[in-house]
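One-letter residues, chain by chain:
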Amino acid sequence: MNAPSSSTRRTLSHGALQGKGLGLRRGLMSALEADFPSAIDFFEAAPDNWIDVGGRAGRRFRALTERLPLVCHGLSLNLGGTAPLDDAFLRRVKQFLTQHGAVLYSEHLSFCADDGYLYDLLPIPFTEEAVRHVAARIRRVQEVLGCRLVVENASYYCAPGAEMRELEFILAVLNDADCELLLDVNNAYVNGVNHGYDAAAFIAALPTSRIRYLHVAGHLREADDLAIDTHGAPVADPVWALLAHTYAVHGVRPTLLERDYALPPLAELLDELASIGRLQRAAAASALAQA
């Protein structure tokens, strides 16, 4: 079977994704069921955690995801790995995406397995060989799923064997694989701190046409030159500023608030979603005034 051409590849749904979204975590489900907030425009969930989940847990998941558009964000495709892609798992993912009416499917631009799963997202070497390898795997994923994959710029703490900059690597993969980009604004900030580059310039150099949606999250600032991507804290002020910059450069994009650990009361997450909404409205008003 030949991979679909750029003219025939599609997204998973014709419905437009917009606004501000929240990662659907089990620890939030009771609060969402008790008083479903109107402030959430879409959910994001990892198929890896929900495939084949039935019973009461599966019914609760479906009841929530039927209320709003669902984005699926994968954890275990192992795009940068050397082991063969798991076509059987990909087919199960495709079935899950169809079953739940997912709007899109994203994955990390990293590797997470060798002889077995490593339970971490590890950096892909920034080399021409790695570009060809990863792009070929993305094209295979797109062939099986019948739609574009959306890949996320990952946080990383070392760059083994790098022959090019992170930006050059990402641009090359996007072009070679003809896929889309999930721009994680927090990851860009963290990487800028840890590797000494200008995160705002990095974001500005990304191709607007490839950016499908955004992530923001919290991190831990260990030192002036060390930030750890934790998803376990509120979004920091410099990341909010970088999100505003992203909207100014690329236009308003759907934006997902990630919080995986140390979950606060839902009301605190809704306050952060309100901050996203304010930045989106301000950016839209500014663009309209300049038109």
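Think of each chain on its own: its residues are numbered from 1, step by step along the sequence as written. Whole-chain, interface and lining totals are the exception, using all residues; otherwise, since this is a predicted model, local features are given only for residues with pLDDT of at least 70 and side-chain atom pairs are given and counted only at 80 or more. Values shown for side chains rest on all heavy atoms present in the structure; no hydrogens or waters enter the calculation.

## Re the nonpolar core
Generally speaking, a soluble globular protein has its nonpolar side chains buried in company with each other. One finds I138 and F169 to be the most contacted residues of the largest nonpolar core, which totals 75 residues. Each helix is a run of DSSP H or I of at least 4 residues and each strand a run of E of at least 2, with the numbering of both proceeding from the N terminus. Per element, the largest residue contribution to this core is eight residues, and it comes from helix α5 (residues 128–145). We call two residues in contact whenever any of their non-hydrogen atoms come within 4.5 Å of each other. The residues touching I138, leaving out its near neighbours within four places in the chain, are L79, L149, V151, V173, A177 and C179. To form a nonpolar core, buried Ala, Val, Leu, Ile, Met, Phe, Trp, Tyr and Cys residues must be joined to one another through side-chain atoms within 4.5 Å. Note on classification: 1.4 Å probe, protein chains only; a residue is buried when its accessible area is under 20% of the maximum for its type, exposed when over 50%, partly exposed between these limits. With nine residues, the next largest nonpolar core counts L17, V103, L104 and Y213 among its residues.

## Some thoughts on α5
Residues lying three or four places apart along an α-helix face the same way, a consequence of the helix completing one turn every 3.6 residues. An expected span of 1.5 Å times one less than the residue number is assigned to each helix. Between its first and last C-alpha atoms α5 spans 26 Å; for 18 residues at 1.5 Å apiece the expected length is 26 Å, and the two agree. Taken together, the buried positions of α5 are A130, V131, V134, A135, R137, I138, V141, Q142, E143, V144 and L145. For α5, the secondary structure elements touched by its buried residues are α4 (87–99), β4 (104–108), β7 (150–152) and α6 (166–177). With its phi angle positive at about 75°, G146 sits one or two positions after the end of α5.

## As for the layout of surface pockets
The space that makes up the second largest pocket amounts to roughly 180 Å³. Using a 1 Å grid laid over the protein atoms alone, points where a 1.4 Å probe fits but cannot get out form a cavity; open sets with protein on both sides within 12 Å along at least 5 of 7 lines form a pocket; any residue with an atom within 4 Å of a point counts as lining. Residue lining of the second largest pocket: 15 residues in total, with W50, D52, F96, Q99 and H100 positioned closest to the centre. When contributions to the lining of the second largest pocket are tallied by element, the ones reaching two or more residues are α3 (55–65) and α4. In terms of residue count, α3 provides more of the lining of the second largest pocket than any other element does, five residues in total. Grid points are joined across faces, edges and corners, and a volume is the space filled by probe spheres set on the points.

## Some details on the packing of helix α7 (residues 185–195) against helix α9 (residues 237–250)
With their axes 9 Å apart at the nearest point, α7 and α9 run at an angle of 120° to one another. In this structure, α7 meets α9 at a crossing whose hand is right-handed. In contact with V185, N186 and Y189 of α7, α9 contributes P238, V239, L242, L243 and T246. Considered class by class, the residues forming the contact of α7 with α9 number six nonpolar, two polar and no charged. Axis definition: a line fitted to C-alpha atoms, over the contacting stretch in the case of helices. Angles run 0 to 180 degrees between N-to-C directions. Left-handed is the label given to a crossing in which the near helix is rotated counterclockwise from the far helix by less than a right angle, and right-handed is the label when the rotation is clockwise. Classification convention: Asp, Glu, Lys, Arg as charged; Ala, Val, Leu, Ile, Met, Phe, Trp, Tyr, Cys, Pro as nonpolar; all other residues, Gly among them, as polar.

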